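Observations on the three-dimensional arrangement
What follows is the residue order along each chain.
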Amino acid sequence: MENNKTPKKRRSFLKLLFIKAFGTGEKKLSILEEEQMQGPIKTIVKNFTSNKLSMTGLIVFFLIFATVIIGPFFVKLDLSYTETSQQNVAPGRDLMDIPSSLQGKVAEISVGPTYTVAVSTEGQLYMWGKTKITNTLNLKYVPTGMGKIKRISAGFDHILALNEEGQVFAWGSDRQKQCEVPEEIQGLGNVVDIVAGYQCSLVLTDDGKTYFFGNDANNDYKNSHAYQGQITKIAATSDALLGLTKDGQAVYLGRQTNSYTNLPENMGTVVDIAATASTMAAVNSDGKVFVWGNLSERGEGKIPEVSEKLVSIEGGRYHYTAVTESGKVVAWGFNNFKQSEVPAAVNKSNIVKVYTGSYQNYAITDNGKVLTWGLKGYFLGSDELGRDILNRLINGGKMSMTIGALSVVISTIIGVAIGGISGFFGGRIDIVLQRIVEIVSGLPFLPFAMILSALLGNSLTSTQRIYLMMVILGLLNWPSLSRLVRAQVLSEREKEFVTAAKAVGVKQLSIVFKHILPNVVSVIIVTATLDFATCMLTEATLSYLGFGVPAPQPTWGNMLYGSNNSIVIQSFWWRWVFTSIILGICVICINLTGDGLRDAIDPKSQER
């Protein structure tokens, strides 16, 4: 006896999705059966979904389209953003990948723009992040024979190290002699602190004297400053130096008068100092913080209210971190990479020391564990102005697709109108319109678009130039569609339903646009789809040649234009490879979708 209660085998969701997407798993019907059982639209959809290649192209294009349309709501674009310290950073998220062997035995950490260097309690040197400066210069090539390292300092593109014998070592970029340790310093033997600044190096001895070498034109430093013999700590901005004296004063070590010399009054006894790229800060014995210098909207001067007493302070590129007497961490300033958002894990721990630099922070807990927050790196690297390429790809893709789509709308409207009128009315109207089509078709497209863009574009704003691109592409791209529509209308206008419409007195334009064009809509859809890819490529070509959408507004075309340099092509491959790949994939997927639509609408085309 048959068991009717046997449960049917259920298909998984992914299997059902695959079947719906590619049309497999169902019984294939003959053409006659299809015509009897389903309408033409359903047949077209079924034919299209059964084309695996076209469906794959459609799905991939849809994913890219959804990413570039929805992505900008989450990935904000700041057109004014530039950051010299983050130029041409290679792809990767390893800027804070601290070696596991260093956990629990950190003696000191110093943070550079794209790398971090540390010393263990055993005097061993560690380094991680992006250490490559040029093709031949890499910070990982450390000097030999340094012995047991005691202190370390990371500069913009060079590093200073101090061993337990008091010897100073320097390596990295030496274009401003910041790595040439003077003989005077080599013979000191009582060095206690080192600071690697921007194109400069500074050394502090145990008798409170400071020594400077490197670019003294960029960095305001006075060798014979009045505080020689009194200094206990040094902090460096990108162009100036701050000192902390033995009696608790924050003092400027330069010779010029500027915003750094306007030290706040009544600071009292200063216990710690720090500096960002353009500001200086001090913490006094009451735990109060003072910030001065070139304060900006980035927020270095917006000190949060803290109920506890602050005991130490560290400076990053545009932010500060400070530790309270109970081991809590507070941070303020620029927060574009969440470097000023102290994680909950840090606040739940008892922090004994925080190391801050550029956009990274390392907090050391009382049991030696290292907690990090800030910039991890860039998935697709950064460009020549330090901008995130992934961010610009997403926002640039939105602009490229918008230009392509609106250009197709404009060209489709013009092509359908001229093709429909020309094909239906014929005679003199057809002759005149076809001569216009031939004139527009005869224009050398790219040179004409470049000339038009150059003549009109220079006097326009960036937004107006984007609209100009859409109009240029739309006005020059319609002739092929108009010819196809004209040919289809010529075929349709002789059929009985057109004769019947004329017989009952329907207006001629109504016959064209309400009765004939719906019968040629399949041709219009296929052509418009393929034209979409063409317009995107044309926009990319014009932008690549410098006649399209101007920077800093990103499009895939002008991103490639920014990589049009032999040095970039050889050394910074990520700036053009990812853009080229996404543009190529997008255009190929659109073409596959268009071909699939054509085959689905006209199955006989596959037999030709």
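Coordinates for the structure precede this section.
These lines cover the structure that appears in this document, whether it is placed above or below. Only a predicted model underlies this, so the values are computations on that prediction, with no experimental measurement involved.

Structural notes on the overall build of the chain
From N to C terminus, the chain includes 17 helices and 21 strands. In terms of C-alpha radius of gyration, the chain reaches 34 Å, well past the compact-globule figure of 25 Å for 608 residues. With the principal axes as the frame, the chain shows a C-alpha extent of 110 × 85 × 50 Å. In the chain, which comprises 608 residues, the share counted as buried stands at 48%. Counting contacts in the chain only where the partners sit at least 6 residues apart, residues at least 24 apart contribute 57% of the total. Split by element, the accessible area of the chain, about 29900 Å² in all, is 57% carbon and sulfur.

Observations regarding the nonpolar core
In terms of nonpolar packing, the biggest core is built from 25 residues, with M401, M536, W556 and C586 touching the most fellow members. Among the secondary structure elements, those contributing two or more residues to this core are α4 (52–74), α7 (389–425), α14 (521–544), α15 (556–561) and α17 (574–601).

Focus on the environment of E492
One can find E492 in helix α11 (residues 479–492). Separated by 350 residues in the primary sequence, E492 and V142 place their C-alpha atoms 79 Å from one another. When sequence neighbours within four positions are dropped, the list of residues in contact with E492 reads F497, V498, I516, N519 and V520.

Observations regarding the sheet that holds strand β11 (residues 241–245)
For sheets, the rule is that strands pair by backbone hydrogen bonds, running either parallel or antiparallel. Here we have three strands laid out as an open sheet, ordered β10-β11-β12, and antiparallel in their pairing. Two strands close off the open sheet at either side, each with one partner strand: β10 (231–236) and β12 (250–252). In this sheet, adjacent strand axes meet at a mean angle of 30° when their direction is disregarded.

Details of the sheet that holds strand β4 (residues 149–154)
What the three strands build is an open sheet, ordered β4-β5-β6; its pairing is antiparallel. The open sheet has two edge strands, β4 and β6 (168–172), and neither has a second partner. Here the strands of the sheet are splayed against their neighbours by 20° on average, with no regard to which way each runs. Two elements, β4 and strand β5 (residues 158–163), share five bridges in a ladder whose sense is antiparallel. Among the inter-strand pairings, A154 is bridged to a residue of β5, identified as I159.

Topic: a nonpolar patch on the surface
A cluster of nonpolar side chains, namely I59, F62 and L63, defines an oily patch on the protein surface of about 300 Å² accessible area. Locating L63 in the fold gives a position in helix α4.

Let's talk about the pairing of β11
Taken across its five residues, β11 has five buried, putting it largely inside the fold. Side chains of β11 alternate between two faces, with L241, G243 and T245 and L242 and L244 buried alike. The turn linking β10 back onto β11 is made up of four residues. In the sheet, β11 pairs with β12 via three bridges, with the strands oriented antiparallel. Along β12, the bridge assignment pairs L242 with Y252.

Observations regarding the packing of aromatic side chains
Evaluated as defined, the whole model comprises 14 aromatic pairs. Ring plane angle 90° and centroid distance 5.1 Å describe the contact between F156 and Y198, whose orientation is recorded as edge-to-face. One end of the pair, F156, is in the loop between β4 and β5; the other, Y198, is in the loop between β7 (191–196) and β8 (200–205), and 42 residues separate them in sequence. For the pair F337 and Y378, a centre-to-centre distance of 6.0 Å together with 85° between the ring planes defines the contact as edge-to-face. One end of the pair, F337, is in the loop between β18 (329–333) and α6 (344–347); the other, Y378, is in the loop between β21 (370–374) and α7, with 41 residues separating them in the sequence. Using a relative accessible area of 18% as the deciding quantity, one classes F337 as buried. The buried category is assigned to Y378, whose relative accessible area is 1%.

Concerning the pattern of salt bridges
Counted by the stated rule, this structure contains 17 salt bridges. For D383, the salt bridge identified is with R392, shortest N-O distance 3.9 Å. For the pair D383 and R392, one class covers both residues: buried. Within the structure, one salt-bridge network assembled from shared partners comprises D383, E384, R387, R392 and R575.

As for the pairing of strand β14 (residues 279–284)
With six of six residues buried, β14 is to be regarded as a mostly interior element. Because side chains alternate across β14, one face comprises the buried residues T279, A281 and V283, and the other comprises M280, A282 and N284, equally buried. Bridge count between β14 and strand β15 (residues 289–293): five bridges; the pairing is antiparallel. When the bridges of β15 are listed, V283 appears paired with V289. Turn length for the β14-β15 hairpin, with the two strands adjacent in sequence and antiparallel, is four residues, and the turn residue G287 shows positive phi of about 85°.

Quick look at the packing of α7 against α11
Running from amino to carboxyl end, α7 crosses α11 at an angle of 35°, the nearest separation of the two axes being 7 Å. Regarding α7 and α11, the two cross each other, and that crossing is right-handed. Here S411, T412, G415, V416, I418, G419, G420, S422, G423 and F424 of α7 come into contact with α11, specifically with L481, S482, V485, R486, V489 and L490. In the contact of α7 with α11, the residues fall into seven nonpolar, eight polar and one charged.

Concerning unusual backbone geometry
For K177, which is not glycine, the phi dihedral falls at a positive 65°. The residue K177 is located in the loop between β6 and α5 (183–186) in this model.

Brief notes about the side chain of R317
Of note, R317 is situated in the loop between β16 (310–315) and β17 (319–324). A distance of 3.4 Å separates a polar atom in the side chain of R317 from a polar atom in the side chain of T84. Those residues in contact with R317, other than ones at most four positions away along the chain, are E83, T84, S85, T276, A277, G357, S358 and Y359.

Describing the environment of D220
Relative to the assigned elements, D220 resides in the loop between β9 (210–214) and β10. Residue D220 is classed as buried on the basis of its relative accessible area of 6%. Linking D220 and R255, residues 35 residues apart in sequence, is a C-alpha distance of 6.5 Å. The contacts of D220, once residues within four sequence positions are left out, are D239, A240, L241, Y252, L253, G254, R255, Q256 and N258. Here the side chain of D220 touches Y252 through a polar contact of 2.6 Å, side chain to side chain.

Considerations on the side chain of N361
With respect to the helices, strands and loops of the structure, N361 is situated in strand β20 (residues 360–365). A polar atom in the side chain of N361 sits 3.0 Å from the side chain of T356. The residues contacting N361, other than those within four sequence positions of it, are M96, H319, T321, Q339, Y355, T356, L371, T372 and W373.

What counts as what
Residues numbered from 1 in each chain as written. Predicted model: local features only at pLDDT ≥ 70, side-chain atom pairs only at ≥ 80, totals over all residues. Heavy atoms only, no water. Helix = DSSP H or I, 4+ residues; strand = E, 2+ residues; numbered from the N terminus. Rg over C-alpha atoms; globule rule 2.2 N^0.38 Å. Buried < 20%, exposed > 50% of the residue type's maximum accessible area, 1.4 Å probe, protein only. Contact = heavy atoms within 4.5 Å. Areas by Shrake-Rupley, 256 points an atom, 1.4 Å probe, with all protein chains shown as cover. Core = buried A, V, L, I, M, F, W, Y, C linked by side-chain atoms within 4.5 Å. Pairing = 2+ DSSP bridges. Axes fitted to C-alpha atoms, helices over the stretch in contact; angles between N-to-C directions. Patch = residues over 30% accessible without salt bridge, like charges linked within 9 Å, V, L, I, M, F, W, Y side chains within 5 Å. Salt bridge = Lys/Arg side-chain N within 4 Å of Asp/Glu carboxyl O. Phe/Tyr/Trp six-rings, centres within 6.5 Å; stacked < 30°, edge-to-face > 60°. Left-handed = near helix turned anticlockwise from the far one by under 90°. Nonpolar A, V, L, I, M, F, W, Y, C, P; charged D, E, K, R; others polar. Polar contact = N/O pair within 3.5 Å; in protein donor to acceptor, adjacent residues only side chain to side chain.

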